[in-house]
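# Working through the structure, step by step
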Amino acid sequence: AEKACILLAESMKKTDSEVEKLTAEQNEIRDKYALVLPDLLSRKKALEAGAEAEKKLLTYKSALKKIEADVARLKTEADELEKEKSEAEKNYDRLYSIFIANTAAELSSSLKEGVPCPVCGSVEHPCPAKISGEAVTAEAVKNAKEQFEGLYKALSEKLNELNKQENRIPNAQEIIAELVKQIEE
C-alpha cells in the first residue's frame, strides 16, 4: 500500500508538472494571440472592404458597359433619325416650292393686260408663272411639314437622351478609378 501511495504521489507530481507546462503553453499562446488579434481583425476588415469594393467595381464596370452600349445605340438611332429628318425636310421644301409655284401660276392665269395684278399691283404681266408638272395640295404640304417636324422633335429628344448618357460616363469612370485605388491599397 505504501508503494502504491508512492507511485500515486509520483504520478500526481508528474501530472501537476504537465498541467503547469500546459498552462504555461496556454498562457503563451493566449499572449501571442492577444498580440496578433488586432492585426488579424484589421486585415479581416481590409479584406472584407476589398471584397465589397470588388463587388461594387464589377457593378460599376457592368453599368459603364451598358451606358457605353446605350450611347452607341443612341448614336446609331440619332444618325438614322438625322437622315430621315433631312429627307423629310428636302421633301417638304420641294413640295412647298411646287405648291407656291403652282399657286402663283393659278393667280397668273387670271391676269389681264392693263388690269392690276392682285399680288403686286403691276398692270403689265411680261412673264406670268406657269403650272409645274406636279400637282401639290396644301394638305400634302401640311403632311410633309408635320412629318419633318415630328422627325425633328424625335431627333432632338434622341440627342438629349444621348447627351445624358454620355454625361454619365465620366462619373462612372471616376467611381471605378476610386474603387480600383481602394482595392489596391
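The coordinates are above.
Note that the coordinates shown come from a computational prediction; the quantities given were computed from them, not determined experimentally.

### Points about the overall build of the protein
The number of helices and strands found in the protein is 2 helices and 0 strands. In terms of overall dimensions, the protein is more spread out than a globule: its C-alpha atoms have a radius of gyration of 45 Å, far above the 16 Å expected for 185 residues. The C-alpha extent of the protein, read off along each of the three principal axes, is 160 × 25 × 20 Å. Relative to its 185 residues, the protein shows a buried fraction of 18%. Relative to all contacts within the protein whose residues are 6 or more apart in sequence, the contacts with residues 24 or more apart total 81%. On the protein, roughly 14400 Å² of surface is accessible, and the fraction owed to carbon and sulfur atoms is 57%.

### Concerning the nonpolar core
By size, the foremost hydrophobic cluster in this structure holds 11 residues: Ala53, Leu57, Leu64, Ile67, Val71, Leu74, Leu162, Ile169, Ala172, Ile176 and Leu179. Breaking this core down by element, the ones donating at least two residues are α1 (2-109) and α2 (138-184). In terms of residues, this core owes the most to one element, α1, which gives 6 residues. With sequence-adjacent residues up to four places away left out, Ala53 is seen in contact with Leu179, Gln182 and Ile183.

### Observations regarding the pattern of salt bridges
This model, assessed by the stated rule, comprises 14 salt bridges. Between Lys90 and Glu87 there is a salt bridge, with the nearest N and O atoms lying 3.8 Å from each other. Placement of the pair is Lys90 and Glu87 together in helix α1, with a separation of 3 residues, close to one helical turn. Comparing Lys90 with Glu87, the two get one shared label, exposed.

What counts and what doesn't
Residues numbered from 1 in each chain as written. Predicted model: local features only at pLDDT ≥ 70, side-chain atom pairs only at ≥ 80, totals over all residues. Heavy atoms only, no water. Helix = DSSP H or I, 4+ residues; strand = E, 2+ residues; numbered from the N terminus. Rg over C-alpha atoms; globule rule 2.2 N^0.38 Å. Buried < 20%, exposed > 50% of the residue type's maximum accessible area, 1.4 Å probe, protein only. Contact = heavy atoms within 4.5 Å. Areas by Shrake-Rupley, 256 points an atom, 1.4 Å probe, with all protein chains shown as cover. Core = buried A, V, L, I, M, F, W, Y, C linked by side-chain atoms within 4.5 Å. Salt bridge = Lys/Arg side-chain N within 4 Å of Asp/Glu carboxyl O.

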